[in-house]
Structures are given as structure tokens and as C-alpha cells.
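Architecture and fold: a report
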Amino acid sequence: MKLYFSPGACSYAVHIVLEEINARFELVYIGKKTNIATLERFSSISPLKSVPTLELDDGIILTQSISILEFLADMNPEYNLLAPIGSFDRTKIITWLSLIATDIHKSFSPLFLLNNITHDKTAQDEIFRWNESNIKRYFGLINNHLNGKCYLECDRFTIADAYLFVVFQWAKYNHIETDMFIFLEKYINSLAMRKSIQRAMKTEANYF
Ligand SMILES: N[C@@H](CCC(=O)N[C@@H](CS)C(=O)NCC(=O)O)C(=O)O
């Protein structure tokens, strides 16, 4: 398997899950230092040129974070990273994944692209503040939910925790204050100690 990734991007969640299931995989770096041949290959397999893109050993290409995370969890049920099809637990985990992918992730995206959107500093500031307030609203909801819990659902680590861990890091990167979310902070600090996360973190740090 090959994971096309950019350090610290949403592909980091897939990287964590690959570590979690002890998969054999190769990382293909996509970023400013990627050579032209790799970029051309990446463009040919990933129509939106976005990470994560996962290339399976038989050549099948998977894109989109939720579908890749779900595929890896379903193919490796012994790690209990999701829940059986049709179960309420599965629906609850997918609910979190949807919030993380479509609301939280996409509130962060413009913050990384402010100069691509506009060079007007006032407009940039307004875009930043608007998205920051939404991110804080979502984090507030999750913080309340995490009171007394170590994981988002099912009292165990799931693919939703992997994804939430990653988007939370983007708040730090963008200097968004999160100290008030005490349960969320505690949860993230505890996830950071996990072997899979430590391994993925250490590897990705080499590419920044
Ligand atoms: N909906 C996609 C979003 C993927 C996405 O936004 N990837 C970002 C990194 S976090 C990326 O590759 N951006 C570069 C680009 O789209 O050109 C998913 O869930 O995988």
C-alpha cells in the first residue's frame, strides 16, 4: 500500500490508522519538495490532487478521508476502529466523522489559504474570525461531550479519534486558543501518548 500524504495534513489521520493496524505501507510525500515525476503520477491517480490518496497493492486508488478510514477499519475489524454495519455505534462514529470532515476540517481550510483567497488584510481577518468562531463552536460541543470520556464513542479509540486528533493540531498551528476546552485538551494530550500517533508524528516531523 502507498499513502500519498502531506505532513500534518488530513492524510495524517490515515497515517495514524495505518500504524494502528500495523499495516505494511509506503509513504509518498506530496509537497513543495516533491519531484516532478512523483507529482505527475499523483496528478494522474488523484483527480483533485488532494491527500490522502491511498494506492492499494492491486493498483486500486482510494481518495477522501472518511472512505479511506472506513475501508481500513472494515478490512481490519480485529482492531475495533469502527463498528459493525447497521449498528447504532457505527452511526454515532460516522456522525463524528461527518462533523470533523465537513464542518471542522472545512472551517480550517480557508485559514491555510488566506493569501489565495484575498490580499486584503481586513478581509483576511474577517474570514479568519468567522471560521475561528465556528471552530470554537464545534470544539465547545465536543468538549461538553468529552466530559468523563477518554474517546469520542464506544469507550475505545476509533477512526473518528484519529481524525479529530489531526484537526485539533491545526488550531495550535493557527494560534487559535483552546485552553478553555479542558476536556478536549485532556483527551488530545492522552491520545498524543498513543503508540500509533507517536510513530506517525515522529515520521511526519521529518518532512516539515
Ligand atoms: N474532502 C477531502 C479533503 C482533502 C483535503 O482537503 N486535503 C488537503 C490537505 S488537508 C489537500 O490535499 N489540499 C491540497 C489541495 O486540495 O490541492 C477528504 O476528505 O479527503
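Residues numbered from 1 in each chain as written. Predicted model: local features only at pLDDT ≥ 70, side-chain atom pairs only at ≥ 80, totals over all residues.

Remarks on unusual backbone geometry
For clarity, the threshold we go by: In DSSP terms, a helix is any run of H or I states spanning at least four residues, a strand is any run of E spanning at least two, and both are numbered starting from the N terminus. Three classes are used. A residue is buried when 20 or more other C-beta atoms lie within 10 Å of its own, exposed when 12 or fewer do, and partly exposed in between, with C-beta atoms placed from the backbone.
Note the cis peptide between V51 and P52, where omega equals 0 degrees. As for its placement among the helices and strands, P52 is situated in the loop between α2 (36–45) and β3 (53–55). Residue Q64 is not a glycine yet carries a positive backbone phi of 75 degrees. In this fold, Q64 is placed in the loop between β4 (61–63) and α3 (65–75). The phi torsion at D155 lies on the positive side, around 55 degrees, for a residue other than glycine. On the secondary structure map, D155 appears in the loop between α6 (121–146) and α7 (159–173). What makes D155 exposed here is the crowd of 7 C-beta atoms within 10 Å.

Structural notes on the site of the ligand
Counted only if it meets this: Each residue receives a C-beta atom built from its backbone; the residue is near a molecule or strand if that atom lies within 6 Å of it. All residues other than Ala, Val, Leu, Ile, Met, Phe, Trp, Tyr, Cys, Pro, Asp, Glu, Lys and Arg, Gly among them, are scored as polar; the first ten of these are nonpolar and the last four charged.
Lining the immediate surroundings of the ligand are S6, A9, C10, L48, K49, S50, V51, P52, Q64, S65 and A101. Among the residues making up the shell around the ligand, the classes are represented as six nonpolar, four polar and one charged.

A short note on the sheet that holds β4
To keep things clear, this is the line we draw: In this scheme, strands are said to pair when DSSP sees at least two bridges between them. Here, axes are lines fitted to C-alpha atoms. For helices the fit covers the stretch in contact, and angles between N-to-C directions go from 0 to 180 degrees.
Spatial strand order, β2-β1-β3-β4: four strands in an open sheet with mixed pairing. Every interior strand has two partners, whereas the edge strands, β2 (26–29) and β4, have only one. Geometrically, the sheet is characterised by an average inter-axis angle of 20 degrees between neighbouring strands, direction not taken into account. Where β3 lies against β4, three bridges are found, and the strand directions are antiparallel. Bridging from a neighbouring strand, L54 pairs with L62 of β4.

Section: helix α9 (residues 195–205)
Under the convention used in this document: Within this analysis, the arc is defined by the directions that extend from the helix axis to the C-beta atoms. It is the C-beta atoms, placed from the backbone, that decide contacts: two residues are in contact if theirs lie within 7 Å.
Of all the positions in α9, only I197, A200 and E204 are classed as buried. Down the axis, α9 shows its buried residues gathered within 70 degrees of arc, on one side only. Of the residues in α9, the exposed ones pointing more than 90 degrees away from the buried face are K195, K202 and A205. For α9, the secondary structure elements touched by its buried residues are α1 (11–20), α7 and α8 (182–191).

A few points about the nonpolar core
For the record, the criterion: Only buried Ala, Val, Leu, Ile, Met, Phe, Trp, Tyr and Cys residues enter a nonpolar core, and they are joined through C-beta atoms within 7 Å. Domain start and stop points were drawn from an automatic or database domain assignment.
Ranked by internal contacts, the top residues of the largest apolar core, which has 49 residues, are A13, V17, L69, I159 and Y163. If you list the elements that add at least two residues to this core, you get β1 (2–5), α1, α3, α4 (88–108), α6, α7, α8 and α9. With eleven residues, the single largest contributor to this core is α7. If you count residues domain by domain, this core takes at least three from each of domain 1 (2–79 + 197–205) and domain 2 (88–193). In this structure L69 touches A13, V14, V17, I159, A162 and Y163, once residues within four positions along its chain are discounted.

Function cannot be read off these values alone, since they describe shape.
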